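# Structure at a glance
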Amino acid sequence: MALLKIQVLGSPILRQQTVPVETITDELRTLIDDMIETMYAARGIGLAAPQVGRSERVAVIDVEGDSPFAIINPQIVRNDSDLAKAEEGCLSIPDVYGDVARPEKVTVRAMDRDGREFELEAEGLLARCLQHEIDHLDGRLFIDYLSTLRRKAVMAKWATIKGKYPGYIRTLTAEEVAEHHHRDEEL
Ligand code: ZN
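A brief report on the enclosed structure follows. Throughout this description, residue numbers start from 1 for each chain and increase along the sequence as written. Only residues with pLDDT of at least 70 get local features here, since the model is predicted, and only at 80 or more are side-chain atom pairs given and counted; chain-wide, interface and lining totals rely on the full set of residues. The side-chain figures draw on all heavy atoms in the structure; neither hydrogens nor water molecules are used.

Bringing the layout of surface pockets into the picture now. For the largest pocket, the calculated volume is near 220 Å³. A cavity here means a set of points on a 1 Å grid, drawn over the protein atoms and nothing else, where a 1.4 Å probe fits but cannot get out; a pocket is an open set with protein on both sides within 12 Å along at least five of seven lines, and a residue lines either one if it has an atom within 4 Å of a point. Along the walls of the largest pocket sit 15 residues, with Arg-43, Pro-94, Asp-95, Arg-170 and Glu-176 positioned nearest its centre. Under the grouping applied here, Gly and all other residues not named as nonpolar or charged are polar, the nonpolar ones being Ala, Val, Leu, Ile, Met, Phe, Trp, Tyr, Cys and Pro and the charged ones Asp, Glu, Lys and Arg. Partitioned by chemical class, the residues of the lining of the largest pocket number 6 nonpolar, 2 polar and 7 charged. Grid points are joined across faces, edges and corners, and a volume is the space filled by probe spheres set on the points. What the second largest pocket holds in volume is close to 170 Å³.

Written out as structure tokens, the structure reads:
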């Protein structure tokens, strides 16, 4: 397995639509394994393909810390519950956080890494993570949901941070990797 470089805010691929997966190949499974390893190394609970510079409609998630899974070609098939607000972060916008209101419960249909279709009813953090990752697959970021004022504040903060990531690339350091048992809730 290999650690992948993470694209940060400003990288055009984060704003592009992904392409549905037609065939599950060994190459795709390797990408999924590498994405899971990278998500853990970055202490995240979710990671979508555009965040590692890829355009496949694939994301990986693990909100428990010991049960990673992939969602391939995911679709939200139900999201009519009440909205819940909670703070989100993103591995592609390090050190920036904001409150986002989203449906508290969702049902997602996707394929797993073996090409089997499944449906997942989720609530709470898992529901939030699924929506955040599926947004990535449609070129949307959590900052898009912030109020104009809050978004301005967030972008001002980002302006002081982004210089750490030349070329909009975040390379995980050995130190970060060694600490990967400390998990933040970044998606
Ligand atoms: Zn994210």
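There is more to say, and it comes next.
Another point: the packing of aromatic side chains. The relative placement of two aromatic rings is captured by the distance of their centres and the angle of their planes. What counts as a ring pair is set by centres within 6.5 Å for rings of Phe, Tyr and Trp (its six-membered ring), and what kind of pair is set by the plane angle: stacked under 30 degrees, edge-to-face over 60, tilted for all other angles. Enumeration over the complete set of coordinates arrives at 1 aromatic pair. Arranged with centres 6.2 Å apart and planes meeting at 10°, the rings of Trp-158 and Tyr-165 form a pair that is stacked. Residues Trp-158 and Tyr-165 agree in their burial class; the two are buried. We note Arg-102 situated over the ring of Tyr-145; from NZ or CZ to the ring centre the distance is 4.8 Å. Each residue is assigned to one of three classes by its accessible area relative to the maximum for its type, calculated with a 1.4 Å probe on protein chains only: buried under 20%, partly exposed between the two thresholds, exposed over 50%. Both a distance and an angle decide whether a charge sits over a ring: NZ of Lys or CZ of Arg must be within 6 Å of the ring centre and within 35 degrees of the ring normal.

Not every positive phi belongs to a glycine, and Asn-73 is a case in point at roughly 50°. The numbering of helices and of strands both runs from the N terminus, where a helix is a DSSP run of H or I of at least 4 residues and a strand a run of E of at least 2. Residue position: Asn-73 is located in strand β4 (residues 69-78). Within the chain, Tyr-168 stands out as a residue other than glycine whose phi angle is a positive 60°. Relative to the elements of secondary structure, Tyr-168 occurs in the loop between α3 (148-161) and β9 (169-170).

With that out of the way, let us pick up the pairing of strand β8 (residues 117-123). Looking at chain direction, strand β7 (residues 105-111) and β8 are connected through 7 bridges and run antiparallel. Residue pairing across strands places Arg-109 opposite Glu-119, the latter belonging to β8. Counting the residues between successive antiparallel strands, the hairpin from β7 to β8 contains 5 residues, one of them, Gly-115, with a positive phi of roughly 85°. Strand pairing requires that DSSP identify at least two bridges connecting the strands.

In this section: the pattern of salt bridges. The working definition used for a salt bridge is a side-chain nitrogen of Lys or Arg within 4 Å of a carboxyl oxygen of Asp or Glu. Using the criterion set out here, one finds 18 salt bridges in the structure. Linking Asp-138 and Arg-57 is a salt bridge whose minimum nitrogen-to-oxygen distance equals 3.0 Å. Taken together, the residues span a long stretch of sequence, with Asp-138 in the loop between α2 (124-137) and α3 and Arg-57 in the loop between β2 (46-48) and β3 (58-61) at a distance of 81 residues. Arg-57 sits in the buried class, given a relative accessible area of 12%. Salt bridges sharing partners connect three or more residues here, namely Arg-57, Glu-88, Arg-102, Arg-128, Asp-135, Asp-138 and Arg-140.

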